[in-house]
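Descriptive analysis of the structure
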There are 2 protein chains.
Amino acid sequence: MTRVLLPWPDIAVPGELEATVWDGTGAPPPGLDDVEFYVLPYDRGAEPPKLIPRLPSLRVVQTLSAGYDNLLPLLPEGVLLANGRGLHDLSVAEHTLALILAAQRDMPRWFAQQRVGSWDREHTRSLADSRVLLVGYGSIGKAIERYLVAGEAEVVPVASSAREGVHGIDELPRLLPTADIVVLVLPDTPATRGVLGAGELAALPDAALVVNVGRGTAVDTDALTAEVAAGRLRAAIDVVDPEPLPSDHPLWTLEGAVITPHIGGGSASFHPRAQRLVERQLAHFAKDETLENVVR
Amino acid sequence: MTRVLLPWPDIAVPGELEATVWDGTGAPPPGLDDVEFYVLPYDRGAEPPKLIPRLPSLRVVQTLSAGYDNLLPLLPEGVLLANGRGLHDLSVAEHTLALILAAQRDMPRWFAQQRVGSWDREHTRSLADSRVLLVGYGSIGKAIERYLVAGEAEVVPVASSAREGVHGIDELPRLLPTADIVVLVLPDTPATRGVLGAGELAALPDAALVVNVGRGTAVDTDALTAEVAAGRLRAAIDVVDPEPLPSDHPLWTLEGAVITPHIGGGSASFHPRAQRLVERQLAHFAKDETLENVVR
């Protein structure tokens, strides 16, 4: 019998395979020497990857994250690695809208008023008619764009290089002064680090909103903190450099800052999509078919 | 010269007309006896309507609200009334999404954590894959639907009577048990009062989210408060019965309740749309053309 190690029960497993479940918390269960296919528990820290080199029969590692750089040093020669490309797109896009709308519609103010029972009213900003630079135009960026178009915002897509209808990132100096909102959806690579440094932030118009849902390193945290502290820019971020943001960091309590703890990808919409991917992969594996999303 | 009374400056006024500006705060300016066209200041309470019967030359009242029942008793015989149909659609739709996403993505929790600098993380609900009953399927409902479709929610439109692809409100008893989220976008009429009473709320599944952005009278506030207090239902509401919600009302501080003070229509997206309508109406008026949105 071929054994597969899965992060949750209720996954349809082909008859040729036998499943063991480990959710990534506590010690791994015994009897894993015959595990050939390991689906890493999602978002459970450093322990699940450490199991990889301890599985002698391993042939496939399936991660449910899009990123996999941290796994490469642990992956034995000849073991396939498949990633979770696409599983988080909608969850991240949805959280991006939650951040933008919270900032534009003053949700922190209403929640503060709620605690004291105040019906004080004031008109707010809007997303509609806003000019949104969407920096990072992969599958998550396109899911965000569908939301922005529904809300009648003006979307200006920006990618690493220009193509039909898409600006190149080298055009940012010209584009930044025209933006009401900048959304960053960038991976962490040498090219994306510090894309918004002090100079780029200074080029944004007064009261512009900086939204980061990719990786924290794309924005200079000190420079952003200074701009928000001065009341010149606003920020709505799910990622930051460093993570976790130290509890005494001044950005936490600035008026004009909305901060969530890197939970963009971790919502219920992930689960059914991950389940479907794992079930497809197990079916491919049982029939010796080519796997999807193989990255190494 | 024909005088028009406008709520803000910078409105393009045809050469035939002379403009006076009153924003609805403080006393009205003097010299209004020749005002023929009065654009009511928006969302300024009871004083602006009271001016209507005091304008002896009045021919047209333009309100920027969709509702106008409160103006009818004040309107002299022969004076035309035009309303602000459509001006608020996008603003209300956007705020509806802000409420839904705040509830589904636990924004009150993250904002509370922000005050104490906590990076505590947990997965959340999602809007994607949720089944949303959209009760009220006029122009605002359709604007909300565009957002929901972008977010891959399942939309179930419900209107006062059934038609192709739209359920009738008499089907609610059958539909409510299937809903993850119910969005109410209803005007205040005898037929819509108490659409969600204690029995209808009891028919919703555990943890369902009740969203009200139309008029507060559509939901039985006591029944909703009891369900949320019991932890059985969640609520995200911009309108409530009564308004303002008294500051000591128990609903304010319930976990599972998100409350904003009827600000759905009052955002920046309203202003340019209102400006364009007023400018078109003044042009029609100057040329003796038929006005838009005439309701009496």
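Named according to an unreviewed UniProt entry, chain A is 2-hydroxyacid dehydrogenase originating from Amycolatopsis acididurans.

This brings us to the interface of chain A and chain B. At the junction of the two partners, chain A supplies 60 residues and chain B supplies 60 residues. Between chain A and chain B the total buried area reaches about 5,200 Å² when both faces are included, carbon and sulfur atoms providing 60% of it. The interface formed by chain A and chain B holds 39 residue pairs in polar contact (both at pLDDT 80 or more) in total. Mapped onto the side of chain A that touches chain B, the elements with two or more residues apiece are helix 2 (89–104), helix 3 (107–115), helix 4 (139–150), strand 12 (257–259) and helix 8 (270–286) of chain A. Take the side of chain A that touches chain B: its biggest share by element is 9 residues, from helix 2 of chain A. Here the residues of the side of chain A that touches chain B are counted per class, giving 28 nonpolar, 18 polar and 14 charged.

Counting 68 residues, the largest nonpolar core has Leu-127 of chain A together with Leu-127 of chain B as its most contacted members. Apart from residues no more than four positions distant in its own chain, Leu-127 of chain B is found in contact with Glu-94 and Tyr-147 of chain A together with Leu-97, Ile-100, Leu-101, Gln-104, Val-132, Leu-148, Ala-153 and Ile-181 of chain B.

Rotating chain A by 180 degrees and moving it 0.0 Å along the rotation axis overlays it on chain B with an RMSD of 0.1 Å. Look at the turn and shift together and you get a two-fold axis relating the two. By residue overlap, the copies meet face to face through one surface: 100% of the interface positions of chain A are interface positions in chain B.

Adjacent strands of a sheet pair through backbone hydrogen bonds, lying either parallel or antiparallel. All names here are of chain B. Taking strand neighbours across the sheet as the criterion, the 7 strands line up as 8-7-6-9-10-11-12 in an open arrangement whose pairing is parallel. Two strands bound the open sheet, and with one partner strand each, they are strand 8 (167–168) and strand 12 (257–259). Summarising the sheet, strand 6 (residues 131–135) and strand 9 (residues 181–184) pair through 4 bridges and their orientation is parallel. Looking across to strand 9, one finds that Val-132 is bridged to Ile-181.

Okay, the packing of helix 2 of chain A against helix 4 of chain A next. Residues and elements named next belong to chain A. Across the interface, helix 2 lies against helix 4 with an axial gap of 8 Å and an inter-helix angle of 45 degrees. Here helix 4 runs oblique to helix 2, going by the angle between their axes. The interaxial crossing formed by helix 2 with helix 4 has right-handed handedness. Contact with helix 2, carried on its side by Asp-89, Val-92, Ala-93, Glu-94, Thr-96, Leu-97 and Ile-100, involves Ser-139, Ile-140, Ala-143, Ile-144, Tyr-147 and Leu-148 of helix 4 and no other residues of that element.

If you walk through the whole model with that rule in mind, you get 34 salt bridges over all chains. For the salt bridge of Glu-94 of chain B with Arg-105 of chain A, the shortest nitrogen-to-oxygen distance reads 3.3 Å. With Glu-94 of chain B in helix 2 (residues 89–104) and Arg-105 of chain A in the loop between helix 2 and helix 3, this pair bridges two chains. When its relative accessible area of 0% is taken as the criterion, Arg-105 of chain A is described as buried. Salt bridges sharing common partners tie together Arg-3, Glu-18 and Asp-34 of chain A.

The next point concerns the pairing of strand 3 (residues 35–39) of chain A. Residues and elements named next belong to chain A. Counting buried positions along strand 3 yields 5 of 5 residues, so the element is predominantly enclosed. The pairing of strand 1 (residues 2–6) with strand 3 spans 3 bridges and is parallel. What sits directly across from Arg-3, in strand 3, is Val-35. The pairing of strand 3 with strand 4 (residues 60–62) spans 3 bridges and is parallel. Looking at the pairing, Phe-37 lines up with Val-60 of strand 4.

Residues and elements named next belong to chain B. With respect to the helices and strands, the residue Glu-36 is situated in strand 3 (residues 35–39). For Glu-36, a relative accessible area of 17% translates into the label buried. C-alpha of Glu-36 to C-alpha of Asp-89: the two residues are 53 residues apart in sequence and 28 Å apart in space. With near-sequence residues (within four places) excluded, Glu-36 lies in contact with Thr-2, Arg-3, Ser-57, Leu-58, Arg-59, Val-60 and Phe-285.

Moving on: the domain arrangement of chain A. Each domain of chain A was delimited in the assignment, giving domain 1 (2–87 + 268–286) and domain 2 (89–259). Distance from the C-alpha centre of domain 1 of chain A to the C-alpha centre of domain 2 of chain A: 34 Å.

A separate point is the UniProt feature "domain: D-isomer specific 2-hydroxyacid dehydrogenase NAD-binding" (unreviewed entry) in chain A. With numbering matched to this structure, UniProt assigns "domain: D-isomer specific 2-hydroxyacid dehydrogenase NAD-binding" (unreviewed entry) to residues 97–264 of chain A. Secondary structure over residues 97–264 of chain A splits into 29% helix and 17% strand, and the C-alpha atoms at its two ends are 10 Å apart.

Attention now moves to helix 7 (residues 221–229) of chain B. Residues and elements named next belong to chain B. Buried residues of helix 7: Thr-221, Ala-223, Leu-224, Thr-225, Glu-227 and Val-228, and no others. Looking at the packing, one finds that the buried side of helix 7 touches helix 6 (198–203), strand 10 (209–212), strand 11 (234–237) and strand 12. Once helix 7 ends, the next one or two residues include Gly-231, with phi positive near 75 degrees.

In the structure shown here, the tally under the stated rule is 8 aromatic pairs over all chains. Ring geometry for Tyr-42 of chain A and Phe-270 of chain A: centres 4.5 Å apart, planes at 35 degrees, overall tilted. On the criterion of sequence distance, the pair formed by Tyr-42 of chain A in the loop between strand 3 and helix 1 (47–50) and Phe-270 of chain A in helix 8 is long-range, its members being 228 residues apart. For the pair formed by Tyr-42 of chain A and Phe-270 of chain A, the shared burial category is buried. Between Trp-119 of chain A and Trp-252 of chain B, the ring centres sit 6.1 Å apart and the planes meet at 70 degrees, which makes this aromatic pair edge-to-face. In this pair, Trp-119 of chain A sits in the loop between helix 3 and strand 6 (131–135) while Trp-252 of chain B sits in the loop between strand 11 and strand 12, so the two residues belong to two different chains. Accessibility expressed as a relative area gives 3% for Trp-252 of chain B, which makes it buried.

Residue and element names in this part refer to chain A. Read across the open sheet, the 7 strands follow the order 8-7-6-9-10-11-12; overall the sheet is parallel. With one partner strand each, in any of the chains shown, strand 8 (167–168) and strand 12 form the two edges of the open sheet. Judged from the 5 bridges that link them, strand 6 and strand 7 (residues 154–159) form a sheet pairing that is parallel. Note on strand 7: the bridge partner recorded for Leu-133 is Val-156.

Quick notes on the rules
The residue numbering used here restarts from 1 in each chain and proceeds along that chain's sequence as written. To read the labels, note that chains go from A and ligands from 1, taken in the order they are written. Only residues with pLDDT of 70 or above have their local features reported here, since the model is predicted, and side-chain atom pairs are shown and tallied only from 80 upward, although totals for entire chains, interfaces and linings are computed over all residues. Just so you know, side-chain values use all the structure's heavy atoms and leave hydrogens and water out. Contacts are assigned to residue pairs with any non-hydrogen atoms lying within 4.5 Å of each other. A 1.4 Å probe defines the accessible area here, and the buried area is the portion of it lost by two parts on being joined, summed over both. Here a polar contact is taken to be a pair of N or O atoms separated by no more than 3.5 Å, where protein atoms must pair a possible hydrogen donor with a possible acceptor and residues adjacent in sequence count only if both atoms sit in side chains. Each helix is a run of DSSP H or I of at least 4 residues and each strand a run of E of at least 2, with the numbering of both proceeding from the N terminus. Residue polarity is assigned by list, with Asp, Glu, Lys and Arg as charged and Ala, Val, Leu, Ile, Met, Phe, Trp, Tyr, Cys and Pro as nonpolar; anything else, Gly included, falls into the polar class. Each nonpolar core is a collection of buried residues, namely Ala, Val, Leu, Ile, Met, Phe, Trp, Tyr and Cys, held together in the definition by side-chain atoms within 4.5 Å. Residue burial is assigned from relative accessible area. The probe radius is 1.4 Å, only protein chains are included, and a residue is buried under 20% of its type maximum, exposed over 50%, and partly exposed in between. The atoms used to superpose the copies are C-alpha atoms, taken from residues with pLDDT of at least 70 in both, and the fit is least squares. Strand pairing is defined by DSSP finding a minimum of two bridges between the two strands. Axis geometry follows a simple rule: fit a line to the C-alpha atoms, using only the stretch in contact for helices, then measure angles between N-to-C directions, giving values from 0 to 180 degrees. These descriptions rest on fixed angle ranges, namely under 35 degrees for roughly parallel, over 145 for roughly antiparallel, 65 to 115 for roughly perpendicular, and the rest for oblique. Handedness of each helix crossing follows the sense of rotation of the near helix against the far helix: counterclockwise by less than a right angle gives left-handed, clockwise gives right-handed. Salt bridge, as used here: a side-chain nitrogen of Lys or Arg that lies within 4 Å of a carboxyl oxygen of Asp or Glu. Here the bounds of each domain stem from an automatic or database domain assignment. UniProt positions are given in the numbering used here, feature names are shortened, and annotations may be inferred rather than shown by experiment. Only centres within 6.5 Å qualify two rings of Phe, Tyr or Trp (six-membered ring in Trp) as a pair; their planes then separate them into stacked at under 30 degrees, edge-to-face at over 60, and tilted for everything else.

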